[in-house]
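# Coordinate inspection notes
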Amino acid sequence: MKNTVVVGAQWGDEGKAKITDLLAQNADVIIRYQGGCNAGHTVVVDNKTFKFHLIPSGILYKNKICIIGPGTVIHPESFEKELNGLIDEGIDISNLKISPLASITMPYHIEIDGYSESNAGKGKIGTTKKGIGPTYTDKYARIGLKIQDLYSAETLSEKLDIILPLKNKQLEKVYGLEPYTKECITALCEKYAELFKPYVCFEWQDLLREHKKDTILFEGAQGVMLDVDYGTYPFVTSSNPIGGGAATGSGFGPRMIDEVIGVSKAYVTRVGEGPFVTELNDETGDKIREIGHEFGVTTGRPRRCGWFDAVIMKYAVLVGGLTSIALTKIDVFDSFDEIKVCTAYKDKRNGQIYTSYPTDVFIHKYLEPVYETHAGWGVDITKIKEYDKLPENAKKYLERLEELLECPISIISVGPDREQTIIK
Ligand code: GDP
Ligand code: IMO
Ligand code: MG
C-alpha cells in the first residue's frame, strides 16, 4: 500500500474509521492529523463495536504505531476516558504516541464553547461542545498550551504569565465566567503531565525520521465540508480535514502523501447547523436515518439525512485532493425502489443553475436540488464481496457516480463490519 490519507468527503460520519481500519492492515504507522474528541469513529470487527474519538482506530492492530499528531487538540479528561475504555476492552495501547506539539483543550475552552453556543442566536453552529473552536482560536492567537509545555515548569510558568491575564479578562468581561488562578492551572497541568507521560514522544523528530520509509496512513476526522477554509463556513469545525491538512498536521510533509481516499456515504448526513441543500425533512429522510442508524457517536444527536449530492462531492474531489473514493452505506438502499442523486442546484429566485459548488452559504436557502433518479436493486447486498456480483442496477448507479465526479470509486462498503467491503 502507498502512503494514504483517509478524508471525509462530506460533513463527517462517512465511515472513515471503517476504511481506516481496513487500510491499517497494510500500514506501519497510523496518524491522526487534526481535530480532537469532536470526532466519533466506529469500527466493527466480528460483530464487536469499538468507538474512537481521538485515538487512531489503527490501535486495534498490534504492532502498528499510532500517533496523535501535532495538528490535533487534546482534551485530557476525554483522552483519559477513551484510553481507559480501550484498556478495559483488553486492547494493547503500548504503541500509542502523542506529539509534544499537539494542543491542549483547557477547561475554559469547554466553558467558552458552551457559552458561545448558548448565546449565538441565529449564528449557533451546533458544535459538539468539546472546546474545539476555542482551543484552535488560542492556538492561532498564539496563546495556546502544547503537550510539551507540561514538562518544563519554567516554560509553563512563563506561558501562564502571558496567557492567564488575557484569558481571565476575556472570561470575566466577555463571557461573565469565573477566572482561573495560576496555582489552579499549574496543578491541573501537573495532573495532565502524569496522564500523558507514558505516551508523549519526546524524540518526535527521530520518530518522523525513523518512519520515513514506512507505510503511513493518515486518519482524517470530520470532512471536507466541515473544513475551516473550504467547508460551509461559518458552519464548520476549526481545523483542516482536507488531504492537505495531513501534511501540516502530521509533520510528515506533502511529499510523503501518495493517495487521498475520500470517504462518502451513498447519501448525505449532517449533524449541527448549517446549509444542506439535499436535506430530506420527510419520510424518506426518516427511512434513511432509521435503516442507516444515523445518530451521532459523540453527542447521540439524530443526524440530518438527504440524497447524495454530486455538487459538494465534485468540490470535495477538487479541494480535498482526492485520488479515489470509498463509497459506504450503499446497502442502506437495498429496500429502496428509487434512489436520487443531485447533479446541480437551481436558484429559486431566478432559475440560475449551479453545477459548481457556490461557496457563499448564505444564498443556499434559495437553492433547490436538481435530481436524476436511479432504479433500486431490491436485494440484500450486505454479503457480496466482489464487484461483479453486485446487482446490475447497483453497478449502473456506481458507474454513474464515477462519471459525475470524474473520480474512481476504489472501495465499496456494504455493511459496518471490516469484512463487508468490496475492493474494486
Ligand atoms: P466516521 O466518523 O466517518 O468514522 O463515521 P461514524 O463512525 O461516525 O459513522 C459511520 C457509521 O456507519 C458507523 O456506525 C459505522 O459502523 C457504520 N458504517 C460504516 N460503513 C457502513 C456501511 O457500508 N454500511 C452500513 N450499514 N453501515 C456502515
Ligand atoms: P467525525 O470525525 C460530524 C460538526 C458539529 C458542528 C461542527 C462544529 O466523526 O466525522 P465542533 O465541535 O467541531 O466545533 O463542531 O462540526 N462536527 C462533526 N460532525 N462528524 C464529526 O466528526 C464532527 N465533528 C464536528 O456537529 O456542526
Ligand atoms: Mg463520526
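Residues numbered from 1 in each chain as written. Chains lettered and ligands numbered in written order. Predicted model: local features only at pLDDT ≥ 70, side-chain atom pairs only at ≥ 80, totals over all residues. Heavy atoms only, no water.

Check the secondary structure of the protein and you find 11 helices and 18 strands. What you see for the protein is a C-alpha radius of gyration of 22 Å, in line with the 22 Å of a compact globule of 424 residues. Its C-alpha atoms give the protein principal-axis dimensions of roughly 65 × 50 × 35 Å. With 424 residues in all, the protein has 57% of them scored as buried. A fraction of 75% describes how many contacts in the protein between residues 6 or more apart in sequence connect residues 24 or more apart. Surface summary for the protein: the accessible area is close to 18,100 Å², and the carbon and sulfur share equals 50%. Here the protein holds 50 positive side-chain charges and 59 negative ones, and the gap between their average locations is 2 Å. (Helix = DSSP H or I, 4+ residues; strand = E, 2+ residues; numbered from the N terminus. Rg over C-alpha atoms; globule rule 2.2 N^0.38 Å. Buried < 20%, exposed > 50% of the residue type's maximum accessible area, 1.4 Å probe, protein only. Contact = heavy atoms within 4.5 Å. Areas by Shrake-Rupley, 256 points an atom, 1.4 Å probe, with all protein chains shown as cover. Lys, Arg positive; Asp, Glu negative; His and termini not counted. Charge placed at Lys NZ, Arg CZ, Asp CG, Glu CD.)

We now examine the site of ligand 2. In the vicinity of ligand 2 there are 21 residues, among which Asp13, Lys16, His41, Thr128 and Thr237 approach most closely. One of the backbone nitrogen or oxygen atoms of Val271 is found 3.1 Å away from an oxygen atom of ligand 2. Using a 2 Å cut-off from the grid points, one finds that ligand 2 occupies the largest pocket. Among the residues forming the shell around ligand 2, the class breakdown is eight nonpolar, 10 polar and three charged. Looking at which domains feed residues into the shell around ligand 2, each of domain 1 (103-196) and domain 2 (265-320 + 327-423) supplies at least three. (Near = heavy atom within 4 Å. Polar contact = N/O pair within 3.5 Å; in protein donor to acceptor, adjacent residues only side chain to side chain. 1 Å grid on protein atoms, 1.4 Å probe; cavity = no way out; pocket = protein on both sides within 12 Å on 5 of 7 lines; lining within 4 Å. Sits in = over half its atoms within 2 Å of the grid points. Nonpolar A, V, L, I, M, F, W, Y, C, P; charged D, E, K, R; others polar. Domains from an automatic or database assignment.)

On to the site of ligand 1, then. Neighbouring ligand 1 are 19 residues, the closest being Lys16, Gly40, Thr42, Asp331 and Ser413. Taking Lys16, its main chain carries an N or O atom lying 2.8 Å from an oxygen atom of ligand 1. Here ligand 1 has 590 Å² of accessible area as a free molecule, and 91% of this is covered by the chains. If you map ligand 1 onto the pockets, it falls in the second largest pocket. Every element with two or more residues in the shell around ligand 1 is listed here: helix 1 (16-24) and strand 3 (41-45). Residue composition of the shell around ligand 1, by class: five nonpolar, seven polar and seven charged.

Within the protein, the atoms that donate to the magnesium ion (ligand 3) are Asp13 (OD) and Gly40 (O), at distances of 2.0 to 2.1 Å. Remark: Gly40 occurs in the loop between strand 2 (29-32) and strand 3 and Asp13 occurs in the loop between strand 1 (4-8) and helix 1; sequence separation between them is 27 residues. Of the two residues examined, Asp13 and Gly40, each falls in the buried class. (Donors = N, O, S within 2.8 Å, 3.2 Å for Na, K, Ca; no water.)

With that settled, the discussion passes to helix 1. Three- or four-residue spacings in an α-helix give side chains the same orientation, since the helix completes a turn every 3.6 residues. Burial analysis of helix 1 places nine of its nine residues in the buried class, which makes it a mostly covered element. Every buried residue belonging to helix 1 is among Lys16, Ala17, Lys18, Ile19, Thr20, Asp21, Leu22, Leu23 and Ala24, and all of these are buried.

Between Tyr233 and the following residue, Pro234, the backbone shows a cis peptide bond with an omega angle of 10°. Checked against the element boundaries, Pro234 lands in the loop between strand 9 (216-219) and helix 8 (245-250). In the Ramachandran plot, Asn47 falls in the positive-phi region, its phi being about 65° despite a non-glycine side chain.

What follows concerns the packing of helix 3 (residues 107-119) against helix 5 (residues 153-174). Relative orientation of the contacting elements helix 3 and helix 5 amounts to 30°, with a least axis distance of 12 Å. Between helix 3 and helix 5, the angle falls in the class roughly parallel. The hand of the helix 3/helix 5 crossing is left-handed. Facing Tyr108, Ile112 and Tyr115 of helix 3, the residues of helix 5 in contact are Ile163, Lys167, Gln170, Leu171 and Val174. Split into classes, the residues belonging to the contact of helix 3 with helix 5 amount to six nonpolar, one polar and one charged. (Axes fitted to C-alpha atoms, helices over the stretch in contact; angles between N-to-C directions. Parallel < 35°, antiparallel > 145°, perpendicular 65-115°, else oblique. Left-handed = near helix turned anticlockwise from the far one by under 90°.)

Now for the nonpolar core. By size, the foremost hydrophobic cluster in this structure holds 73 residues, and its most contacted members are Phe333 and Tyr397. The element best represented in this core is helix 10 (residues 310-320), accounting for seven residues. Sequence-distant contacts of Phe333, that is, excluding residues within four places in its chain, are made with Ala266, Tyr267, Ile288, Trp307, Ile339, Trp377 and Tyr397. If you look at the next biggest cluster of nonpolar residues, it comprises 56 residues, including Tyr61, Phe79, Ile143 and Phe196. (Core = buried A, V, L, I, M, F, W, Y, C linked by side-chain atoms within 4.5 Å.)

So, about helix 2 (residues 76-88). Taking 1.5 Å as the rise per residue, helix 2 with 13 residues should run 18 Å; its terminal C-alpha atoms sit 18 Å apart, in good agreement. Looking at helix 2, one finds that the buried residues are Pro76, Phe79, Glu82, Leu83 and Leu86. The buried residues of helix 2 occupy an angular sector of 130° when the element is viewed end-on, so they sit on one face. Pointing more than 90 degrees away from the buried face of helix 2 are the exposed residues Lys81 and Asp88. At the C-terminal side of helix 2, Gly90 shows a positive phi close to 80°. (Expected span 1.5 Å × (residues − 1). Arc of directions from axis to C-beta.)

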